[in-house]
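Chain and residue survey
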Amino acid sequence: TDTSSAGEPGEEKPACPRCRGIGFVHPRLGNGQPDYSRLVPCRCAHEKLEDSRLQRLQSHSNLGSLTRLTFENLVPQGKSDDPANQERFMRAYRAATTFAAKPEGWLVFTGPSGSGKTHLAAAIANQRLAEGHRAIFEGIPDLLDHLRSTFSPNSDVSYDELFLELQGPPLLVLDDLGVQSSTPWAEEKLFQLINQRYVAKLPTVINVAAGVSLDDLDEKWR
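Residues numbered from 1 in each chain as written. Predicted model: local features only at pLDDT ≥ 70, side-chain atom pairs only at ≥ 80, totals over all residues. Heavy atoms only, no water.

Moving on to the overall build of the protein. Helix and strand counts for the protein come out as 6 helices and 6 strands. Walking the protein from its N terminus toward its C terminus, one meets helices and strands in the order β-β-α-α-β-α-β-α-α-β-α-β. The contacts of the protein with a sequence gap of at least 6 include a subset with a gap of at least 24, amounting to 69%. With an accessible surface of roughly 14,000 Å², the protein has 51% of that area assigned to carbon and sulfur atoms. (Helix = DSSP H or I, 4+ residues; strand = E, 2+ residues; numbered from the N terminus. Contact = heavy atoms within 4.5 Å. Areas by Shrake-Rupley, 256 points an atom, 1.4 Å probe, with all protein chains shown as cover.)

To continue, consider the sheet that holds strand β4 (residues 136-139). If you trace the 4 strands from one edge of the open sheet to the other, you get β3-β6-β5-β4, paired in parallel fashion. Looking at which strands have only one partner, the edges of the open sheet turn out to be β3 (106-109) and β4. Pairs of neighbouring strands in the sheet enclose a mean axial angle of 15°, with direction left out of account. Pairing between β3 and strand β6 (residues 204-208): 4 bridges, direction parallel. Note that in β6 the partner of Phe 109 across the bridge is Asn 207. (Pairing = 2+ DSSP bridges. Axes fitted to C-alpha atoms, helices over the stretch in contact; angles between N-to-C directions.)

The next point concerns the side chain of Arg 197. Inspection of the secondary structure assignment puts Arg 197 in helix α6 (residues 184-199). The residues contacting Arg 197, other than those within four sequence positions of it, are Trp 106, Leu 166, Gln 167, Gly 168, Pro 169, Pro 170, Leu 171, Leu 172, Leu 202, Pro 203 and Thr 204.

Further remarks concern the pattern of salt bridges. Taken as a whole, this structure holds 6 salt bridges when the rule is applied. A salt bridge links Glu 87 to Arg 91, with the nearest nitrogen and oxygen atoms 3.7 Å apart. Of this pair, Glu 87 and Arg 91 are both found in helix α2 (residues 83-101), 4 residues apart, which corresponds to roughly one turn of the helix. Judged by relative accessible area, which is 36%, Glu 87 ranks as partly exposed. For Arg 128, the salt bridge is made with Glu 131, and the minimal N-O distance between the two is 3.4 Å. In the salt-bridge network here, residues are joined through shared partners; they are Glu 87, Arg 91 and Arg 94. (Salt bridge = Lys/Arg side-chain N within 4 Å of Asp/Glu carboxyl O. Buried < 20%, exposed > 50% of the residue type's maximum accessible area, 1.4 Å probe, protein only.)

Right, let's get into the environment of Ala 122. Checked against the element boundaries, Ala 122 lands in helix α3 (residues 117-130). The spatial distance from the C-alpha of Ala 122 to the C-alpha of Val 173 is 7.9 Å, given a sequence separation of 51 residues. For Ala 122, the contacting residues outside a window of four places in its chain are Leu 63, Leu 66, Leu 69 and Phe 137.

In the predicted model, the protein carries a mean pLDDT of 81, and the fraction of residues at 70 or more is 81%. Scored below 50 in pLDDT, residues 1-11 makes 0 contacts in the model with residues more than four places away or belonging to other chains. (pLDDT = per-residue confidence, 0-100.)

Next up, the structure:
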């Protein structure tokens, strides 16, 4: 990263050269001269609004540090030196970018630890956020912990509120299917969530946990 123009910590960012920090400019007339009778928002004001909107979407996405995982910093052929693995990853990469452009149906990734499943899934969510759409990313073990915590007397959110929040986003990414607690309660709630998104035909991305194949899952999950 080029840091030559960055100031010292605490130093104010230079004012926009177009509006000199005011946030408004005079539009141009047909002859190229400023129209001093009117003011319109400067481009920097629009950029600040877009940045603010993205920050709000990210804050509700639960991606946290995974906002750094994008298609731009993902190697399309993956990290393996094996040509067969590279071809498999490139197919997954193409499927992910196609899905991110227009999420329809479901996308399920399987593969060993370190194969790039989480990066692909997070990149899909981050692209949707960057384009102004809502997306939520949840690791399944953490998700079940959150659902359990809503039964605490000190919880700020009810179970129904959290469950509805997860049912409703235009895109839901679930990470690590297959490592969740096998208690009947956990299985029931997770299946209920996934089944309701299936019935509603809401786009969903699922990463199957490393070491777990689709054949290892219960029939109702398959």
